[in-house]
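Here is what each chain is made of, one letter per residue.
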Amino acid sequence: TGPYQTWTLIENKSFVKSRSIKTKLKEKGYIEIIDNGKGIKNQVDIFQPYYSENQTDENRGLGLYISKKFIQSMDGDITYRNENNHLIFTITLPLA
């Protein structure tokens, strides 16, 4: 379930109009996913289970929660920020 949910973050067209993906390697690996969707209005914990701004029968608000748990299981982290009308997710993973 984990890898699928993480890929869902990248492929979720319900809230992403367009996106770019950047990678960077230093002491850790960084992946930034940038979109020009509407973003998140308030700084809330969007990684909580059942959080969704578009809750429907098919969208239960679990994708980001599962993605975060999966990334954390690899000693990584995922964060987000709003910047210039863009929502930016940053995934950080150890290199080894």
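Draft legend 1. How the structure looks around the overall build of the protein chain. Helices and strands together make up the secondary structure of the protein chain, namely two helices and four strands. For the protein chain, the succession of helices and strands along the chain, N to C, is α-β-β-α-β-β. For the protein chain, the proportion of contacts with a sequence separation of at least 24, taken over those separated by at least 6, is 46%. Summing over all exposed atoms, the protein chain offers an accessible surface of approximately 6500 Å²; the carbon and sulfur share of this is 51%.

Draft legend 2. Inspection of helix H2 (residues 63-73) at higher detail. Those residues of H2 not exposed but buried are Ser67, Lys68 and Ile71. One face of H2 carries all of its buried residues, which in axial projection span an arc of 100°. Following H2 by one or two positions, Asp75 has its phi on the positive side, about 60°.

Draft legend 3. Quick look at the environment of Glu83. Tracing the sequence through the fold places Glu83 in strand S3 (residues 77-83). Looking at Glu83, the relative accessible area reads 37%, which means it is partly exposed. In this structure, the C-alpha to C-alpha distance between Glu83 and Gly39, residues 44 residues apart in sequence, is 8.8 Å.

Draft legend 4. Main features of the side chain of Thr90. Checked against the element boundaries, Thr90 lands in strand S4 (residues 86-94). Of the polar contacts made by the side chain of Thr90, one reaches the side chain of Arg81; its length is 3.4 Å. Filtering out sequence-adjacent residues up to four positions away, Thr90 remains in contact with Tyr30, Ile31, Glu32, Asp77, Ile78, Thr79 and Arg81.

Draft legend 5. Geometry of the nonpolar core. Core analysis: the largest hydrophobic core is formed by ten residues, namely Ile33, Ile40, Ile46, Phe47, Ile71, Ile78, Tyr80, Leu87, Phe89 and Ile91. For this core, the secondary structure elements donating two or more residues are S3 and S4. The greatest single-element share of this core, amounting to three residues, is contributed by S4.

Draft legend 6. Representation of unusual backbone geometry. Positive phi values are uncommon outside glycine, yet Tyr50 reaches one of about 75°. Relative to the elements of secondary structure, Tyr50 occurs in the loop between strand S2 (28-35) and H2. For Tyr50, a relative accessible area of 57% gives the class exposed. Within the chain, Asp75 stands out as a residue other than glycine whose phi angle is a positive 60°. Here Asp75 lies in the loop between H2 and S3.

Criteria and cut-off values
- Residues numbered from 1 in each chain as written.
- Predicted model: local features only at pLDDT ≥ 70, side-chain atom pairs only at ≥ 80, totals over all residues.
- Heavy atoms only, no water.
- Helix = DSSP H or I, 4+ residues; strand = E, 2+ residues; numbered from the N terminus.
- Contact = heavy atoms within 4.5 Å.
- Areas by Shrake-Rupley, 256 points an atom, 1.4 Å probe, with all protein chains shown as cover.
- Buried < 20%, exposed > 50% of the residue type's maximum accessible area, 1.4 Å probe, protein only.
- Arc of directions from axis to C-beta.
- Polar contact = N/O pair within 3.5 Å; in protein donor to acceptor, adjacent residues only side chain to side chain.
- Core = buried A, V, L, I, M, F, W, Y, C linked by side-chain atoms within 4.5 Å.

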